[in-house]
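# Understanding the architecture of this molecule
This is what each chain is made of:
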Amino acid sequence: MSSYIAENLKDINQNIKVNANRSGRELSDIVLIAVTKTVDEDKINEAIECGVTDIGENKPQEIVRKFEHIRGNVRWHLIGSLQTNKVKYIIDKVDLIHSLDREGLAKEIDKRAKAAGKVMDCLVQINISHEDTKHGLDESEVENFMRMVSSTCPNIRIRGLMGMAPFVENPEESRIYFKKIKEISLKIENLNMQGVYMDYLSMGMSNDYEIALQEGSNMVRIGTAIFGKRNYAV
Ligand SMILES: *Cc1c(COP(=O)(O)O)cnc(C)c1O
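These notes cover the structure that comes with them. (Residues numbered from 1 in each chain as written. Predicted model: local features only at pLDDT ≥ 70, side-chain atom pairs only at ≥ 80, totals over all residues. Heavy atoms only, no water.)

## What to know about the pattern of salt bridges
For the coordinates displayed, the defined rule picks out 18 salt bridges. Across the pair Lys66 and Glu62 runs a salt bridge whose closest N-O atoms are separated by 2.7 Å. Residue Lys66 and its partner Glu62 are both found in helix 3 (residues 60–66); the two are separated by four residues, about one turn of the helix. Through salt bridges with shared partners, a single ionic network connects Asp121, Arg157, Arg159 and Asp199. (Salt bridge = Lys/Arg side-chain N within 4 Å of Asp/Glu carboxyl O. Helix = DSSP H or I, 4+ residues; strand = E, 2+ residues; numbered from the N terminus.)

## Focus: the site of the ligand
If you check the shell around the ligand, you find Val35, Lys37, Asn58, Ile79, Met164, Met205, Ser206, Arg221, Ile222, Gly223, Thr224 and Arg230 and nothing else. In the environment of the ligand, an oxygen atom lies 2.5 Å from a nitrogen or oxygen atom belonging to the side chain of Ser206. One of the side-chain N or O atoms of Arg221 is found 2.9 Å from a nitrogen atom in the ligand. Burial of the ligand by the protein amounts to 90% of the accessible area it has alone, namely 390 Å². Split by residue class, the shell around the ligand holds five nonpolar, four polar and three charged. (Near = heavy atom within 4 Å. Polar contact = N/O pair within 3.5 Å; in protein donor to acceptor, adjacent residues only side chain to side chain. Areas by Shrake-Rupley, 256 points an atom, 1.4 Å probe, with all protein chains shown as cover. Nonpolar A, V, L, I, M, F, W, Y, C, P; charged D, E, K, R; others polar.)

## So, unusual backbone geometry
Residues other than glycine seldom take positive phi values, yet Thr38 does so here, at roughly 65 degrees. Taking relative accessible area as the criterion, Thr38 reaches 27% and is therefore assigned partly exposed. (Buried < 20%, exposed > 50% of the residue type's maximum accessible area, 1.4 Å probe, protein only.)

## Quick word on the environment of Ile176
On the secondary structure map, Ile176 appears in helix 7 (residues 175–190). Residue Ile176 is classed as exposed on the basis of its relative accessible area of 58%. Residues Ile176 and Ile211, spaced 35 residues apart in sequence, show a C-alpha to C-alpha distance of 9.8 Å.

See below:
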């Protein structure tokens, strides 16, 4: 067993603990999602042996391909943008969809979840930095979108928000974006909509998770810092 994964996880958990404590929380209040895109099954299973309980993929087809080869009882997260016609492949496999950002997608998830006899937990993705390349709803659209899901999609349960900071050299510059997402989450929570809960804030990746945790994140999505640089050629 190569030990770098174990070492990296140990360091990350320590960092999570320190930053969670800074905002009055415990390590156990934070969900660490190991982002396993392009990572092979052996390495993923190794991370699971080291205590990883949640894994995140950004492509439906990668979830389908790896699903049977992953040992242990883990939760699967779809963290990348989701095409409507791919929902059917993952509806029975994933525990949380982080990228709900449009009505057509909500309707499809609702329909497929109903057929599968489940209520699908989803996060609504926010586009806080207004970068064209990022998916997600604009802040001004969030409330209406939540109302639409709440009133027309009984097989979707919204569990919170997901957001990404823009890429910046200094992660400190991401702080204002995380703060803003937290504010939106509090605002939505106060509206008390049926089927809409704000118990998760999915923010923070390898380069900025410590800042995200300080600003209230309780779900971090970390790939590179666990598995090393991704090799997209494989
Ligand atoms: C790849 C990815 C991550 C993890 O990024 P790292 O920088 O490798 O930690 C997190 N979130 C999403 C949506 C991703 O696609």
